[in-house]
Amino acid sequence: MSGVGDARRYRFLFEQMVRRELRQKYQGSVLGLAWYVVNPLVLMGAYYLMFGVALKPGFSHAAYPLFLLVGLTVWIFFNQSLLGAASSLLDQGALVRKARFPRETIPASVVAVQVVTFLVVLALVAVVTVAVRGTLGAPLVLLPVLLAALVAFVLGFALVVSVLHAYFRDVAPILGAMLLPWFFLSPIFFEPGDITEKAWARDLLTWANPMAPFITAIRDVLYAGAWPTLATVLYVLGAAVLALGAGLALFRRLAAELAVVV
Amino acid sequence: MSPEPGELVLDHAWRAFSVRADPGRTLKGLLLGRRGAGPPPVQALRDVSLRIAPGETVGVIGRNGAGKTSTLRVLAGIVPLQRGTVAAGGRVVALLELGAGFGRDFSGRENILLNGALHGLSRAEIEGRIDDIVAFSELGDFVDVPVRTYSSGMFVRLGFSIAAHLDADVLLIDEVLAVGDEAFQRKCEARIAQRVAAGATLVLVSHDAALVERTCARTVVLDGGAVVFDGPTAEGMPFYHRQMGTETHP
């Protein structure tokens, strides 16, 4: 199968898969699409009460709910995409076993649905944040680049977990168990400098977690109205290329046997 | 050398499947180096070589577990070979089992779109055929109802109607027609004959000897994953009956 020719030929399939995904997601849910907006808002409320009011941390950020909300929105996109993608190939096992088509379509359609809802939520968050914080300025031009890199990064990751889960059925539960501590180690309700004085710990929190630079860069642009550091931007671009490249390579290597293993 | 549309080539094809009661491998098992116990792999294709020319009609018969369905899945490009090569020219449409890819909560019409898309058709190409497909399936108003309400006969009507209208160069059909009632079966056979007359290749897996005799000029008998007979149906059927011990005239 050649990549580009297939992509064009199977564009309609991708469209149909996205439609399927949307239908299955919203079926029987009263709020439907609104869940995607409500979910981060509820989490934001909870974390604001927890960290902004109840615990009174030793650091503070102006308009803390917005500080939280930007990071949470990015995280929820990452989280939901991976959890949805992990089981996607098994969920669509009937298709995989009986028809020949580019298998990437399945996890990609899961991520595509999440991208759409992410962009809707982020648009709302961005408008409010920029208005309240007065951050309308030149750094905003970087936002589309950062978002494109984030989507590529998440897609690469999603390809990996989906194909691995098809082969090893404990990948999804392991992923689920990892995402919670990962969330708390990500700079969502703090900045690394807020919680540690030690330079090595700060560096670890900033660079060892590939999600950290994405959150930091997007928050720099939206919430702080500042340019992210060059190192952060390069990291983000590098992580995107690496994740997508490695994800596609691994997926294509393992995809041939999918009809047998799912 | 790429095959011409409608041509199928299997060259010294080998494929085995592991048969384990518990197919779910885990990372934990991998890390602990745990090897699941179980019977040895089943050799589904054993050095199979077939060359099918465009427009041929081939019936694949053999006892249960002879490798018939595996052969179709390999020809459809769904399952890869472990050794040997497979090549199929043009658009290959496979009808394997009932309801391939039918989303249960989706209407028949939505499933037509999805199935067309799975075979690489564009929206315009499918929408141009949708009326013919609906008419052929005789589903009437049911086409707009979720397919979970369908009977198995309705499933096969929809599945066959779609497969028969995708302008396939190769049609691979696995023992599904038997579910339809007799009138619909006749209609399917007529449609297949029409497609074959238009130059399509047919490979049919069936236990229905009469169906193979009616629709296929050539017969391949498989046994234990290997080809044990390949020739005209008139000779293949007696061979098959001898093999099964079901000769009518001893």
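Up top is the structure these notes are about.
The rules behind the values
Residues numbered from 1 in each chain as written. Chains lettered and ligands numbered in written order. Predicted model: local features only at pLDDT ≥ 70, side-chain atom pairs only at ≥ 80, totals over all residues. Heavy atoms only, no water. Helix = DSSP H or I, 4+ residues; strand = E, 2+ residues; numbered from the N terminus. Contact = heavy atoms within 4.5 Å. Core = buried A, V, L, I, M, F, W, Y, C linked by side-chain atoms within 4.5 Å. Buried < 20%, exposed > 50% of the residue type's maximum accessible area, 1.4 Å probe, protein only. Buried area = accessible area lost by both parts, 1.4 Å probe. Polar contact = N/O pair within 3.5 Å; in protein donor to acceptor, adjacent residues only side chain to side chain. Nonpolar A, V, L, I, M, F, W, Y, C, P; charged D, E, K, R; others polar. Axes fitted to C-alpha atoms, helices over the stretch in contact; angles between N-to-C directions. Parallel < 35°, antiparallel > 145°, perpendicular 65-115°, else oblique. Left-handed = near helix turned anticlockwise from the far one by under 90°.

(A) Spotlight on the side chain of Ser137(B). Mapped onto the elements of the fold, Ser137(B) is located in helix α5 (residues 130-137). If we ignore the near neighbours within four places in the chain, the residues touching Ser137(B) are Arg157(B), Leu158(B), Ser161(B) and Phe184(B).

(B) Spotlight on the nonpolar core. With 68 residues, the main nonpolar core has Leu258(A), Ile112(B), Phe160(B) and Ile173(B) as its most contacted residues. Residue contributions to this core peak at eight residues, all from helix α6 (residues 152-164) of chain B. In contact with Phe160(B), other than residues within four places in its own chain, are Leu95(B), Phe136(B), Ile173(B), Leu177(B), Phe184(B), Cys188(B), Arg191(B) and Ile192(B). Counting residues in each nonpolar core, the second largest holds 60 residues, with Phe78(A), Leu143(A), Val161(A) and Met211(A) among its members.

(C) Representation of the interface of chain A and chain B. Contact with chain A, which involves 32 residues of that partner, is made by 34 residues of chain B. For the pair chain A and chain B, the summed buried area comes to about 2800 Å², and 59% of that belongs to carbon and sulfur atoms. Linking chain A with chain B are three residue pairs in polar contact (both at pLDDT 80 or more). Mapped by element, the contributors of at least two residues to the side of chain A that touches chain B are α2 (11-26), α6 (93-98), α9 (171-185) and α14 (258-261) of chain A. Top contributing element to the side of chain A that touches chain B by residue count: α2(A), with nine residues. Residues belonging to the side of chain A that touches chain B are distributed by class as follows: 17 nonpolar, three polar and 12 charged.

(D) Structural context of the packing of helix α8 (residues 143-167) of chain A against helix α13 (residues 230-255) of chain A. Residues and elements named next belong to chain A. Packing of α8 against α13 leaves a shortest axis separation of 8 Å and a crossing angle of 30 degrees. Between α8 and α13, the interaxial angle falls into the category roughly parallel. Seen from above, α8 lies across α13 with left-handed handedness. The residue inventory of the contact of α8 with α13, partitioned by class, reads 21 nonpolar, three polar and no charged.

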